[in-house]
Amino acid sequence: MNKPVSVPEQFDAVVVGAGFSGLYMLYRLRQLGLSVKVFESAGDVGGTWYWNRYPGARCDIPTTDYTYSFDPELEKEWTWSEKYATQPEILEYLRFVADRHGLRSDVEFSATVTSARWDEPEQRWRITTGHGQEIRCRYYIMATGCLSMPKSPDIQGAGRFAGQVYFTSRWPHEGADFTGQRVAVIGTGSSGIQSIPLIARQASQLTVFQRTANFSIPAHNGPAPADRLKQLGEDRDGYRHAARWSRGGIPVEPTDVLGVTASEAVRRERFEAAWEQGELFGILNVFADQGVNPASNDIVAEMIREKIRSTVQDPGTAEALCPQDHYFGTKRPCLDTSYFETYNLPHVRLVDLGKQPIVSITEDGIETADESFGFDAIVYATGFDAMTGALVAADVAGRDGLSLKDKWAAGPSTYLGLMTAGFPNFFMLTGPGSPSVLSNMTVSIEQHVDWVAGCLEDLREEGFETIEPTVLAEAGWDQHVQDCAAITLYPTANSWYMGANVPGKPRVFLPYIGGVNAYRQACDEVIAQGYLGFRMTGPGGTRCRDGVIHRMQPDVAMVMELVAAMGMPPMDTLSAADARALMAATAQTRPPGPEVGEVTDGVIPVPAGELPYRLYRPAAPPEGPRPLVVYFHGGGWVLGDLDSDDPLCRDLCARSGAVVVSVNYRHAPEARFPAAAQDAFAAVQWVDANAIELGGIPGQLAVAGWSAGANIATVACQLARDAGGPHISGQLLICPVVDSDMTRPSYEENGDGYILTTTLMRWFWDHYADPADRGDPRAAPLRGDLEGLPPACIVAADFDPLRDEGVAYARALEAAGVPVRLARARGHTHTSVTMVGVVISGAPVRAEIGEALRNFFPSAEPQEHVS
Ligand code: NAP
C-alpha cells in the first residue's frame, strides 16, 4: 500500500507569537475573514509577560496607557490595580483578552516555527514547525517582540556553575526561593534593577555584579494615577487619539524649555517635578534639548547622580552606582522601587566590574580579577539580542533563497520597520526602523497591526496577492532612520538600541527616533500615495509606485511647530518695512554661530553708492592670506542684511577656512531689478580688486548665497564670464532662486506650510521685478547661457518650493559642461539648513558645503573643527 502523502495545511496567514501584537493581529485577521494560525513557543499567551516572571517584574509605562485600545469594552471590564502593574496582572489581562475574543482556538502553543521559505512559483510561504508540521501560507507575520531573544551569557565559564542558575528572561514558573542563600545577580539593566530589591529581601547575602551603572528613577508606584483615570473617564476617545498622535505613544505635552538657557530655579523645579512623577516620558522631557545637547543632558544626569549620592550611604558604592559613561536616556533608563536604598542593607554588596572584571564563573561561584566569591545561586539579568535577534534566528529565506540573517549581516534594513525587500508578504510588527521600544509599545503595536490589516484588505480589494518594498524606498527609509538618530546623543552609547550589548552585532541604531506621530504620518502617507515604495503583484499584473517617502528631520519639524505656535503674521501680508522689522526681531533670539578669528565691518564703493560688508576671518593658524568667498544673504531681494545671515557666515568661514565677505545689496521695492544683481557683480569686482587688502589670496575667489542671495551670486558669475573677469573659482548656491516659473512639482508639494510659501515667493517677485523682466537671465539665471560658468555646489532641500529649480539648474549646468555637486538636504525646508545652532540636522549638509568650498580652492588649508 502506498504511504499516504501528507498535504500541507494551508492558511491565509501565519503569525508567530501570541503576545500583545500576535493576539491583536489574530483578531484583526479574523475580522478580515482570513484563515490564520498562530504559533507560540510558550505554553500560553502573553509573550514577554509570559517569560519575564522574575520577582519585581512590572511594566514601566503607566498601565492605563499600556493597554489595548481597539475594544472600548475591554477598558470597561478591566481595571488596573496599580500605576505600574505587575507581570502577573499584565499576563492575566492578556489571558482575559484572549478569552474574551476566543483567540486561543487559533493559537498552537508550545510550537516553534523552525524555518520559513518563500516559494516563488506558489507565491506562498512554506513554514516548518518544530513538531514537523508543514504549512503553506500567503502572509507570514512576525509578532515576535523586540526583547524576546535572551542574550546568551557571554562570560567565561558560564556553564560550569554547579549551583542554581536563573535568567530573568526565562524565570521558572514555580518561582525561586532564595531564603538563606548567597546570591549573585549579574546585570543592572531594567530586569536587574527591578529584581535586586526583592531578591535582597530573601537572600542571606546578595552580590550585584555591575558592568555599567544605569540611570534609574523611583517609579513611585501606587494606585493608577487619578488625573489619567479622570481624563480617560471624561474623554476616552480623545485621550487615545492624543496618545496615537504623540511623540512617544503617551499624551505628554513636549516642553520647549531648553536646559542650557533655563535658570537654575527652573531647571531644579522641572527636574524635581519629573522625579516626583516617576515616569519615563516625564524624566526624558525635562528639557527640550536634553536628547541632543550634551550640556543640557549633563544637567539632568548630574541631578540624578545627586539623588543617588544622597540615597546610598557608602560613598564608594554611591559613586560606583553613578552612571558616568553615557548620556542620560541614551540607554533605556529604569524605573525602580527602592533600588538604590537596597545597597544600604548590610548583606548587599556591589561589585564594580569596571574595577575588578569577572575572570570566570567557577563551579561554586564567580572569580573576579581581585576576589573569589562563593554562591548558591546566580541570576543572569544580562538582557536580550534586541529587535533583530528573534527575527534573524527564525531562519527566514525570501526570494531566491536569500536569508534574512545574511541580508541583515551589516544591520537591519527595512521599509518603515514593517517589511524588507526580497521578502514578499513578510511582515514584522514593531520591527527595526519603527518607533517600537522608544514608544509605548501597545500604541505602536496597534498601529502596526492596523496598518498590516489595512494593507491586506487593500491587496484583496485590488486583486493583488503579493506586496514587497522596493530597494529604493527601503534605502530611503533606512537613511531617514539613521539621519534622525544621528542628530541625537543616542548613537554615542553602548546600548542595546545600538546592538552594542551583543558581541559582534553590527552597530546600527535600531529603532526609529522620529516619534510615533511622525511615523504614523509616514505610514499613512505611503498608503495615500498609492503604496509608495511598494511593489504589488497579482493575476492582473503588477503595480509599483517607486519612490522614497520624504520625511522632515525631527528637529526641523520641531522648529516648524514652534514657529507655528508663535502665530506670526504671514510676511506676505506685511509691508516691506514691517517684514524687515519682523525678520530683524527673530534674528535677535538665535544662537550666535561659531567663533571665528575676526569680524570687521566696512563699505564697498559701487556705482550706485556704498554697500556695507562684514568680513569674517578664520581663527589662526595658519596666519596669512586665505581664499575669499563673497556671500549674499537671503530674503527674496526684499529682506535681510548683514545680521540676518551672520551665524551662517561664521559657520561657512569656520568650515571652509576662507575669508567670507558678506555683502549687503540694495533691496526691492526701493531698488528693483536689476539693482541687486548689479550690486552683486560690482561687489565681486571690488573684492577681487582688493583681495590683498582684505587678507585674501588674489585669484582665489568664490561666490556664495542663500535663496535670492544665491540668485544674484550665480548671476554675478554669468556677468563676470561675459565681462571677461574677474575669475571666480566656484559658486555655492544654497536653495537658490534660479527661475520665475512657479509651476514645478516642488511648488505643488511644498508651496504651503513650509515657511517659504508660493504666496510669499510671489510677493518677493512682485517687489523685485516686473513680469516682463522675470525671464531675463539676470533674474532667472536658469534661462541664461551656462557655458563657462565656475564649478557649482547647489543645495536642494526636500521641503522647499525651490527644490526643483535648484535641481534643474544643477542638471542644466552639468549639460553645459560645468562641474556640479548637488547636495540634497534630506528632510529640510528652505530655511532650516541655514539655522546654525538651532537645527542640528543641518550640520552634515553644512559640512558638505564647507568641503565643497574648500574644494573650490585646492591649495586652501583644512577647516576649523565645527560640530
Ligand atoms: P539590559 O538593559 O540589556 O541590561 C543587561 C545588563 O546586563 C546590563 O547592566 C549589562 O551591562 C549587563 N551585562 C550584559 N552582559 C554582561 C556581561 N557579559 N557581563 C557583565 N554584565 C553584563 O537588559 P534588561 O535589564 O533585561 O532590559 C532590557 C530591556 O527590556 C530594558 O531596557 C527595557 O526596555 C525592557 N525591560 C523593561 C522592564 C520594565 O520595567 N517594564 C523590565 C525589564 C526589561 P552593560 O550595560 O555594560 O551592557
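Cut-off values and rules
Residues numbered from 1 in each chain as written. Predicted model: local features only at pLDDT ≥ 70, side-chain atom pairs only at ≥ 80, totals over all residues. Heavy atoms only, no water. Near = heavy atom within 4 Å. Polar contact = N/O pair within 3.5 Å; in protein donor to acceptor, adjacent residues only side chain to side chain. Areas by Shrake-Rupley, 256 points an atom, 1.4 Å probe, with all protein chains shown as cover. Helix = DSSP H or I, 4+ residues; strand = E, 2+ residues; numbered from the N terminus. Nonpolar A, V, L, I, M, F, W, Y, C, P; charged D, E, K, R; others polar. Pairing = 2+ DSSP bridges. Axes fitted to C-alpha atoms, helices over the stretch in contact; angles between N-to-C directions. Contact = heavy atoms within 4.5 Å. Core = buried A, V, L, I, M, F, W, Y, C linked by side-chain atoms within 4.5 Å. Buried < 20%, exposed > 50% of the residue type's maximum accessible area, 1.4 Å probe, protein only. Phe/Tyr/Trp six-rings, centres within 6.5 Å; stacked < 30°, edge-to-face > 60°.

### Examining the site of the ligand
So, point 1. As a structural note, the neighbourhood of the ligand is formed by 25 residues, with R58, D154, S191, T212 and K331 the closest of them.
So, point 2. Take R58: an N or O atom from its main chain is 2.8 Å from a nitrogen atom of the ligand.
So, point 3. One of the side-chain N or O atoms of R211 is found 2.9 Å from an oxygen atom in the ligand.
So, point 4. For the ligand, whose accessible area on its own is 900 Å², the fraction buried by protein is 90%.
So, point 5. A total of three residues in the shell around the ligand trace back to one element, the largest contributor, which is helix α5 (residues 190-202).
So, point 6. Its residues assigned to classes, the shell around the ligand shows nine nonpolar, nine polar and seven charged.

### Quick word on the sheet that holds strand β15 (residues 372-374)
So, point 1. Strands sit in the order β13-β14-β15 across an open sheet of three strands; the sheet is antiparallel. Every other strand in the sheet has two partners, leaving β13 (358-361) and β15 as the edge strands with one partner each. Direction aside, the axes of adjacent strands within the sheet are offset by 20° on average.
So, point 2. One ladder, built from three bridges, connects β13 with strand β14 (residues 365-368); its direction is antiparallel. Bridge assignment links I361 to a residue of β14, and that residue is I366.

### A short note on the sheet that holds strand β27 (residues 730-734)
Pairing between the strands of a sheet is mediated by backbone hydrogen bonds and can be parallel or antiparallel.
So, point 1. As summarised here, the arrangement of the eight strands in space is β22-β23-β25-β24-β26-β27-β28-β29, forming an open sheet in which the pairing is mixed. The open sheet has two edge strands, β22 (598-606) and β29 (820-829), and neither has a second partner. Neighbouring strand axes in the sheet, compared pairwise and without regard to direction, differ in orientation by 20° on average.
So, point 2. Examined bridge by bridge, strand β24 (residues 626-632) and strand β25 (residues 659-663) share five bridges and lie parallel to one another. Bridge assignment links V629 to a residue of β25, and that residue is V660.
So, point 3. Most of the contacts of helix α21 (residues 675-689) go to β22, to which it runs at about 115°, and overall it touches β22, β23 (609-617), β24, β25 and β26 (696-706).

### Things to note about the nonpolar core
So, point 1. Core analysis: the largest hydrophobic core is formed by 81 residues, its most contacted members being Y68, Y93, F427 and W451.
So, point 2. Sorting elements by how many residues they give to this core places helix α15 (residues 441-461) first, with nine residues.
So, point 3. Setting aside chain neighbours within four positions, we find F427 in contact with Y139, Y140, I141, M142, L418, M419, W451, V452, C455, L456 and I467.
So, point 4. Core analysis: the next-biggest nonpolar cluster, separate from the first, contains 70 residues, F632, L701, Y768 and A769 among them.

### Description of the packing of aromatic side chains
So, point 1. Applying the stated criterion across every chain, the model contains 51 aromatic pairs.
So, point 2. Ring geometry for W125 versus Y140: centroids 5.6 Å apart, planes at 40°, classification tilted. In this pair, W125 sits in strand β5 (residues 124-129) while Y140 sits in strand β6 (residues 134-142), placing the two residues 15 residues apart along the sequence. Of the two residues examined, W125 and Y140, each falls in the buried class.
So, point 3. Here Y531 and F534 contribute two aromatic rings whose centre-to-centre distance is 6.2 Å and whose plane-to-plane angle is 70°, an arrangement assigned as edge-to-face. For the pair formed by Y531 and F534, the shared burial category is buried.
So, point 4. A network of ring pairs unites the aromatic residues F20, Y24, Y27, W49, Y66, Y68, F70, W78, W80, Y93 and F96 as a single cluster.

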